[in-house]
Amino acid sequence: SQQGEEDPQALSIQEGENATMNCSYKTSINNLQWYRQNSGRGLVHLILIRSNEREKHSGRLRVTLDTSKKSSSLLITASRAADTASYFCALGSSNTGKLIFGQGTTLQVKP
Amino acid sequence: DVKVTQSSRYLVKRTGEKVFLECVQDMDHENMFWYRQDPGLGLRLIYFSYDVKMKEKGDIPEGYSVSREKKERFSLILESASTNQTSMYLCATQSGGREQYFGPGTRLTVT
């Protein structure tokens, strides 16, 4: 499969804990993106990391990319109940802008 | 902020009906996409368009067609709706190969 494989499929943590989600892939990529989806809504872009970058931060989010291992991780620090959502990695492999989405990780943060 | 709107949040149609799903964006983005999202299958690309009157098939175009007569509007057409087209349909826009901006989604039920 060309899509990203996300792990775990589901994650349940307490508020204040950190959440880590992983994405592995098999193709070469131009960039890798992470999106968030609240139940029944559209996706919201979180972070884009290019293939020549290793780490990016945005607020409580930290994304790493290891192109030698073809894997990426999304870390949410000090999680909040409002972080409860599904998180998707998406592989950008061409200049057309097309993305290939993983199946997502469902995160539940308990208050 | 980019605004992407979809014509309906919920839609119920009968088998055999012709169905139009419309997506409108206000940011002059050249690329527009239609996805369907099903449990366990993630987001799958149906069609995309990188310019007015231009379209390309995605991974699952069968049973669908699209129309892009104006830059801001991208329509998805189900020529003869079938029950296996019951799904969440998501429209997205993009410029310059960067992140995609999603609409709120249309949950279509075909009975």
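Check the entry above for the structure.
Keep in mind that this is a model prediction, so the values were computed, not measured. (Residues numbered from 1 in each chain as written. Chains lettered and ligands numbered in written order. Predicted model: local features only at pLDDT ≥ 70, side-chain atom pairs only at ≥ 80, totals over all residues. Heavy atoms only, no water.)

Undergrad: Could you clarify how one ought to interpret the interface of chain B and chain A in this entry?
TA: Interface size, as often reported, equals the accessible area lost upon joining of the parts. At the interface, 22 residues of chain B touch 19 residues of chain A. For the pair chain B and chain A, the summed buried area comes to about 1600 Å², and 51% of that belongs to carbon and sulfur atoms. Together, Leu43(B), Arg98(B) and Phe102(B) form the three largest contributors to the area buried by chain B at its contact with chain A, with a combined 25%. The interface formed by chain B and chain A holds zero salt bridges in total. (Contact = heavy atoms within 4.5 Å. Buried area = accessible area lost by both parts, 1.4 Å probe. Salt bridge = Lys/Arg side-chain N within 4 Å of Asp/Glu carboxyl O.)

Undergrad: What exactly am I supposed to notice about the sheet that holds strand E3 (residues 19-25) of chain B here?
TA: Sheet strands line up and pair through hydrogen bonds in the backbone, either parallel or antiparallel. Residue and element names in this part refer to chain B. The strand order across the open sheet formed by four strands is E1-E3-E8-E7, and the pairing between neighbours is antiparallel. The open sheet has two edge strands with one neighbour each: strand E1 (4-6) and strand E7 (64-70). On average, each strand axis in the sheet is inclined to that of its neighbour by 20 degrees, with strand direction left out of account. Across three bridges, the pairing between E1 and E3 is antiparallel. Paired with Val4 across the strands is Gln25, a residue of E3. (Pairing = 2+ DSSP bridges. Helix = DSSP H or I, 4+ residues; strand = E, 2+ residues; numbered from the N terminus. Axes fitted to C-alpha atoms, helices over the stretch in contact; angles between N-to-C directions.)

Undergrad: Looking at this structure, I do not really get the pairing of strand E9 (residues 85-92) of chain A. What am I missing?
TA: Each regular strand displays side chains that alternate between the two surfaces of the sheet. Residues and elements named next belong to chain A. By the criterion of burial, E9 is predominantly enclosed, with eight of the eight residues buried. Neither face of E9 is left uncovered, since the one carrying Ala85, Tyr87, Cys89 and Leu91 and the one carrying Ser86, Phe88, Ala90 and Gly92 both have all their residues buried. In this sheet, E9 lies alongside strand E4 (residues 31-37) in antiparallel orientation, the contact comprising seven bridges. If you follow Tyr35 over to E9, its bridge partner there is Phe88. In this structure, E9 lies alongside strand E11 (residues 105-110), joined through three bridges in antiparallel fashion. From the neighbouring strand, Ala85 faces E11, where its bridge partner is Leu107. Here three bridges tie E9 to strand E10 (residues 99-101), and the two strands are oriented antiparallel to one another. Residue pairing for E10: Gly92 is matched across the bridge by Leu99. (Buried < 20%, exposed > 50% of the residue type's maximum accessible area, 1.4 Å probe, protein only.)

Undergrad: Looking at this model, I keep getting lost on the side chain of Gln33(A). Mind explaining?
TA: Structurally, Gln33(A) can be placed in strand E4. Leave out the neighbours within four places in its chain, and Gln33(A) touches His45(A), Ile47(A), Leu48(A), Phe88(A), Cys89(A), Ala90(A), Leu99(A), Arg98(B), Glu99(B) and Gln100(B).

Undergrad: Please explain the state of the cysteines as it appears in this structure.
TA: Each disulfide consists of one covalent bond between the sulfur atoms belonging to two cysteines. Residue and element names in this part refer to chain A. The final tally for this structure, using the stated rule, is two disulfides over all chains. Here Cys23 engages in a disulfide with Cys89; their sulfurs sit 2.1 Å apart. Where Cys23 bonds to Cys89 through sulfur, the torsion about that S-S bond is close to 65 degrees, and the disulfide is right-handed. Taken as a pair, Cys23 in strand E3 (residues 19-24) and Cys89 in strand E9 lie far apart in primary sequence, 66 residues in all. Taken individually, Cys23 and Cys89 each receive the classification buried, so the pair is uniform in this respect. (Disulfide = S-S within 2.5 Å.)

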